[in-house]
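For reference, the chains in residue letters:
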Amino acid sequence: MSDYIVLVKQVPDVTQITDNAFDHETGTLIRTRLASVINELDAQALAFANYMKKTSNDQKGKIIALTMGPPMAEDVLRYALSRCADTMVLLTDKALGGADTVATANPLAFAIRKIVKDILKCDNDYYVVTGMQSVDGDTAQVPPQIAEELSLPCIAYVTGAEFKNSRFELTRIISGGSQVATPRKLPAVITVARHEYPLFAAFARARWANKTEVIQWGSADIKATHIGVSGSKTSVIRVFPPGKSTRKRQQVANAQSLAKVLVDSFTAGNGKSDLSTDAQTLRYILPKKRAYKFDRSFEGTKKEQKDYEILTNKLKELGITDVSQVDEAGREKILTAVEGRFHKKALEDMLNGFKLTETSFKGEVWIVAEHSGGAVHPATFELIGKARDLADSLETRVGVAVAGYEIEPLAKELIAAGADNIYLIEDKLLKVFDPAAHRKAIADCVSTYWPQIVLYAATPQGRMLAPMVSYSVGCGLTADCTGLDIRDNSRNGLVGSLLQTRPALGGNVMATIRTKNSRSQMATARPGVMKRLPSDNSRTGNIIKHKVQLSDEDISLEILKTELGTGEVSFGADVIVSGGKGMQNRDSYERLIGMLCDGLSKKLDTQVERGASRAAVEQGFTERVHQVGQTGTSIGPKIYIALGISGAIQHMIGVANTETIVAINSDPNAPIFKQCDYYIVGTVEDTIPRLVQVLETE
Ligand SMILES: Cc1cc2nc3c(=O)[nH]c(=O)nc-3n(C[C@H](O)[C@H](O)[C@H](O)COP(=O)(O)OP(=O)(O)OC[C@H]3O[C@@H](n4cnc5c(N)ncnc54)[C@H](O)[C@@H]3O)c2cc1C
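On a predicted model such as this, the values are computed, not experimentally measured, just so you know.

Caption draft 1: Expanded view of the overall build of the chain. From N to C terminus, the chain includes 19 helices and 31 strands. What you see for the chain is a C-alpha radius of gyration of 27 Å, in line with the 26 Å of a compact globule of 698 residues. The C-alpha extent of the chain, read off along each of the three principal axes, is 80 × 70 × 55 Å. Relative to its full complement of 698 residues, the chain shows a buried share of 58%. Look at the contacts in the chain between residues 6 or more apart in sequence, and 73% of them connect residues 24 or more apart. When the accessible surface of the chain is split by element, carbon and sulfur atoms take 50% of a total near 29,500 Å². The average position of the 83 basic charges and that of the 81 acidic charges among the side chains of the chain differ by 3 Å.

Pasting the structure below:
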């Protein structure tokens, strides 16, 4: 008999976001303007836990819903109780507010400990089940951090469970395919990526749920070690609206117009994508290398830059070349001249800021490499390109930590891509990616050499490993960054720290985050955003072999089956036609995509390749090797045609570098229409034959 502790979160309903939900000055969300709902993936996790309980024929197992939030978060607990939960626990306390993922995972883990002690009477046969991420944070960091705090195995991105031989075999999404795994011991943490069988509340149960008392705990009850703002290891320094998309988003009336658009776009070319946000900003220069020693143009916010500019001009006017020359009278003069823009304490801090010349963090800039089947993941190369840029401006080296078995041949490629030092951690037990074993290896290496920056690709593997490593070495982590820059906050004594910019609230806002209370600054970065450098085989570097003590005990999962795409696909083609779940079946995928590929290939006299969404692959419409997206291949053709594809973020990440995106979808509100250049509202069955006819005849 297993019990299930299901984590549910109350979030703003981001599907209903309108312009007036934002403060236009700051870009922050006005929470009261949006309804609060249960995080959709947590609702699916709840249904998944119920499915696990039912499918294992477990009458006695309890489902306990746990949430952390303000008193009104009680609503999501009642939602859970009215569906299938037996008990509900609300962790609420003002002291817990303003938390980042570390200060969220930590109290939740302590609350789980208390649930196990008080409610489950120390029975360790339980699962912690939760949605893979919440729509407001989108980080996917909290569950692996909880697993780390509780030393539990963690299986992330689960999409299915089968109860066999008295245990659950869990299917999960991995880079390039899918895998069936089971935790080697219980308890275990599971994050659910998809479960399409929602639960509904019966009337009598909903009434009971509304009358039942919630177990309420405050921070004193759980005695967590990291809570609220002070326990957090990152802080948000700026929130702003995302830049306007340069995609045209034009509806096309009919097949004739679409054919014209395709031919014109192919011949004219359209320039590159707009999804990459790691635009080159002013490249950072160390204070000691700046032409003018009072140059503070690398402050992290516009306000700080402006304040320093005003102060610098004043010092120039007063002929001051050394801040220690600014006496009391000089200070008064400056304060009068700036007319209250900053006060005495701020002036003092700014003057002290001028004295800083050394960077606040020390060490190399590192990438944690991802690889499988002897090949390095493309996102690792992109990150090395970014790391090179950061390390050059910080005047340090680029290191790559790579864990596995018989992986030394990878070093040459990593060095050619821009790395200086390769930290090789080789062990038979690291042959297959196991989150706990790889966490131990990487964390050990990081805490031996202490790089100042550690970057991971925001792939399913990186988003799992990074939170476990960062939590175990006591560092902050920012998820899914699309921009990374080095900047100062001289007034607060920080020089050369990493600013980490990422989309939040489903891409409705951007946030810039800085690491605090940490020896190393860590982030995962979105694949397809940073630029890979051209390989230079003449580059040289060092291989540093790092030994870690591992034993069979360190392996947390039993991997039962791995399915990866095999075969060759020419994703370098200029035109790629992809089919999604909207293609309905394999026959129609083959027939319609086949005819459009042939038609375009003849008309444009170019190679046209077939792609697919993950859902189409899972439905068996085509082979996995054709999958485009975050866990498939990232592509950058001249033209990408998406047929019956909704436009999920994980799919669109993979086509960000496309010049022209065209979509055909029967749903007039399909999200892809906001992310493409041209679209037709219509079924693929109607539209494609007409389009092919026009291509052939005109
Ligand atoms: C960790 C993780 C990684 C992932 N990685 C990837 C990835 O690499 N690539 C990827 O694609 N997805 C990935 N996904 C899945 C992704 O979230 C979406 O579930 C998936 O992209 C949806 O595929 P789809 O658009 O084909 O299906 P759906 O979202 O079901 O959309 C089908 C669309 O077809 C339209 N439609 C239906 N009938 C017709 C018709 N007759 N004619 C025209 N249109 C029609 C519908 O209106 C709908 O918009 C990942 C998910 C997770 C959690």
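Caption draft 2: Layout of helix 1 (residues 40-55). When the terminal C-alpha atoms of helix 1 are compared, their 22 Å separation across 16 residues agrees well with the 22 Å that a helix rising 1.5 Å per residue should span. Of all 16 residues that make up helix 1, 12 are buried, and the element is covered over most of its length. Buried within helix 1 we find Leu 41, Asp 42, Ala 43, Gln 44, Ala 45, Leu 46, Ala 47, Phe 48, Ala 49, Asn 50, Met 52 and Lys 53. In the stretch just after helix 1, Asn 57 is the one whose phi turns positive, near 55°.

Caption draft 3: Up close: the sheet that holds strand 11 (residues 215-217). The mixed open sheet is built from 10 strands, whose spatial order is 11-5-4-1-6-10-7-8-9-26. Of all the strands in the sheet, the pair left with one neighbour each is strand 11 and strand 26 (557-564). In this sheet, adjacent strand axes meet at a mean angle of 30° when their direction is disregarded. Direction of pairing for strand 1 (residues 3-7) relative to strand 6 (residues 126-131): parallel, over a ladder of five bridges. Across the sheet, residue Tyr 4 finds its bridge partner in strand 6, namely Tyr 127. Packing against the sheet, helix 2 (residues 74-83) makes contact with strand 4 (63-68) and strand 5 (87-91), and its axis sits at approximately 165° to strand 5. Against the sheet, helix 4 (residues 142-150) touches strand 1, strand 6, strand 7 (154-164) and strand 10 (188-192), its axis set at about 180° to strand 10.

Caption draft 4: Summary view of the side chain of Gln 452. Structurally, Gln 452 is set in the loop between helix 14 (435-449) and strand 19 (453-457). Judged by relative accessible area, Gln 452 falls into the buried class, the value being 2%. Only 2.8 Å separates the side chain of Gln 452 from the backbone oxygen of Gly 363, close enough to count as a polar contact. Leave out the neighbours within four places in its chain, and Gln 452 touches Phe 361, Lys 362, Gly 363, Glu 364, Leu 394, Thr 396, Gly 496, Ser 520 and Gln 521.

Caption draft 5: Summary view of the site of the ligand. Near the ligand you find 30 residues, and of these Lys 581, Ser 613, Thr 631, Ser 646 and Asn 665 are the closest. A distance of 3.0 Å separates a nitrogen atom of the ligand from a polar atom in the side chain of Gln 584. Protein contacts shield 83% of the accessible area of the ligand, which totals 980 Å² for the unbound molecule. Of all the secondary-structure elements, those providing two or more residues to the shell around the ligand are helix 17 (614-618), helix 18 (649-652) and helix 19 (684-697).

Caption draft 6: Expanded view of the pattern of salt bridges. Counted by the stated rule, this structure contains 36 salt bridges. Between Glu 148 and Arg 439 there is a salt bridge whose closest N-O contact spans 3.0 Å. Residue Glu 148 is located in helix 4, and its partner Arg 439 is located in helix 14; the two are separated by 291 residues in the primary sequence. Residue Glu 148 is classed as buried on the basis of its relative accessible area of 12%.

Caption draft 7: Structural context of the sheet that holds strand 28 (residues 608-612). With parallel pairing, the six strands of this open sheet are ordered in space as 13-31-30-29-27-28. Of all strands in the sheet, those bounded by a partner on one side alone are strand 13 (250-251) and strand 28. Examined bridge by bridge, strand 29 (residues 639-643) and strand 30 (residues 660-665) share five bridges and lie parallel to one another. Each bridged residue has a counterpart across the sheet, and for Ile 639 the counterpart in strand 30 is Thr 660. Lying on the sheet, helix 16 (residues 586-604) is in contact with strand 27 (575-579), strand 28 and strand 29; it crosses strand 28 at an angle near 150°. Across the sheet, helix 19 touches strand 29, strand 30 and strand 31 (678-681), and the angle it forms with strand 30 is around 130°.

Caption draft 8: Spotlight on the environment of Thr 622. Of note, Thr 622 is situated in the loop between helix 17 and strand 29. Here Thr 622 falls in the buried class, since its relative accessible area comes to 8%. The spacing of Thr 622 and Gly 582 is 40 residues in sequence and 13 Å in space, taken between C-alpha atoms.

Caption draft 9: The arrangement of the pairing of strand 5 in detail. Burial runs high along strand 5: five of the five residues are buried. Residues of strand 5 alternate between two faces, with Thr 87, Val 89 and Leu 91 on one and Met 88 and Leu 90 on the opposite face, all of them buried. Taken together, strand 4, helix 2 and strand 5 constitute a β-α-β crossover, and its handedness is right-handed. As paired elements, strand 5 and strand 11 share three bridges and run parallel to each other. Opposite Leu 90, over in strand 11, you have Gln 216 as the bridge partner.

Caption draft 10: Layout of the packing of helix 3 (residues 102-118) against helix 4. Contact pair helix 3 / helix 4: the axes reach a minimum separation of 8 Å and the direction vectors enclose 50°. Here helix 3 is positioned oblique relative to helix 4, judged by the angle of their axes. With respect to the hand of their crossing, helix 3 and helix 4 are arranged in right-handed fashion. Between helix 3, through Val 102, Thr 104, Ala 105, Asn 106, Leu 108, Ala 109, Phe 110, Ile 112 and Arg 113, and helix 4, the contact on the second element is made entirely by Val 142, Gln 145, Ile 146, Glu 149 and Leu 150. By residue class, the composition of the contact of helix 3 with helix 4 is nine nonpolar, three polar and two charged.

Caption draft 11: Focus on the pairing of strand 29. The element strand 29 is largely enclosed, with a buried count of five among its five residues. On strand 29, burial covers both faces: Ile 639, Ile 641 and Leu 643 on one face and Tyr 640 and Ala 642 on the other are all buried. Here five bridges tie strand 27 to strand 29, and the two strands are oriented parallel to one another. Bridge pairing in strand 29 links Ser 578 to Ala 642.

Caption draft 12: Main features of unusual backbone geometry. Cis rather than trans, the peptide bond between Leu 186 and Pro 187 has omega equal to 0°. Mapping Pro 187 onto the fold places it in the loop between strand 9 (177-183) and strand 10. One non-glycine residue, Asp 138, adopts positive backbone phi at about 55°. Turning to its location among the elements, Asp 138 is positioned in the loop between strand 6 and helix 4. Asp 138 gets classed as buried once you look at its relative accessible area, which sits at 16%. Positive phi values are uncommon outside glycine, yet Ser 166 reaches one of about 60°. Along the chain, Ser 166 falls in the loop between strand 7 and strand 8 (167-174). On the accessibility criterion, Ser 166 (66% relative accessible area) is exposed.

What counts, and where the lines are drawn
- Residues numbered from 1 in each chain as written.
- Predicted model: local features only at pLDDT ≥ 70, side-chain atom pairs only at ≥ 80, totals over all residues.
- Heavy atoms only, no water.
- Helix = DSSP H or I, 4+ residues; strand = E, 2+ residues; numbered from the N terminus.
- Rg over C-alpha atoms; globule rule 2.2 N^0.38 Å.
- Buried < 20%, exposed > 50% of the residue type's maximum accessible area, 1.4 Å probe, protein only.
- Contact = heavy atoms within 4.5 Å.
- Areas by Shrake-Rupley, 256 points an atom, 1.4 Å probe, with all protein chains shown as cover.
- Lys, Arg positive; Asp, Glu negative; His and termini not counted.
- Charge placed at Lys NZ, Arg CZ, Asp CG, Glu CD.
- Expected span 1.5 Å × (residues − 1).
- Pairing = 2+ DSSP bridges.
- Axes fitted to C-alpha atoms, helices over the stretch in contact; angles between N-to-C directions.
- Polar contact = N/O pair within 3.5 Å; in protein donor to acceptor, adjacent residues only side chain to side chain.
- Near = heavy atom within 4 Å.
- Salt bridge = Lys/Arg side-chain N within 4 Å of Asp/Glu carboxyl O.
- Right-handed = clockwise from strand over helix to strand, strands pointing away.
- Parallel < 35°, antiparallel > 145°, perpendicular 65-115°, else oblique.
- Left-handed = near helix turned anticlockwise from the far one by under 90°.
- Nonpolar A, V, L, I, M, F, W, Y, C, P; charged D, E, K, R; others polar.

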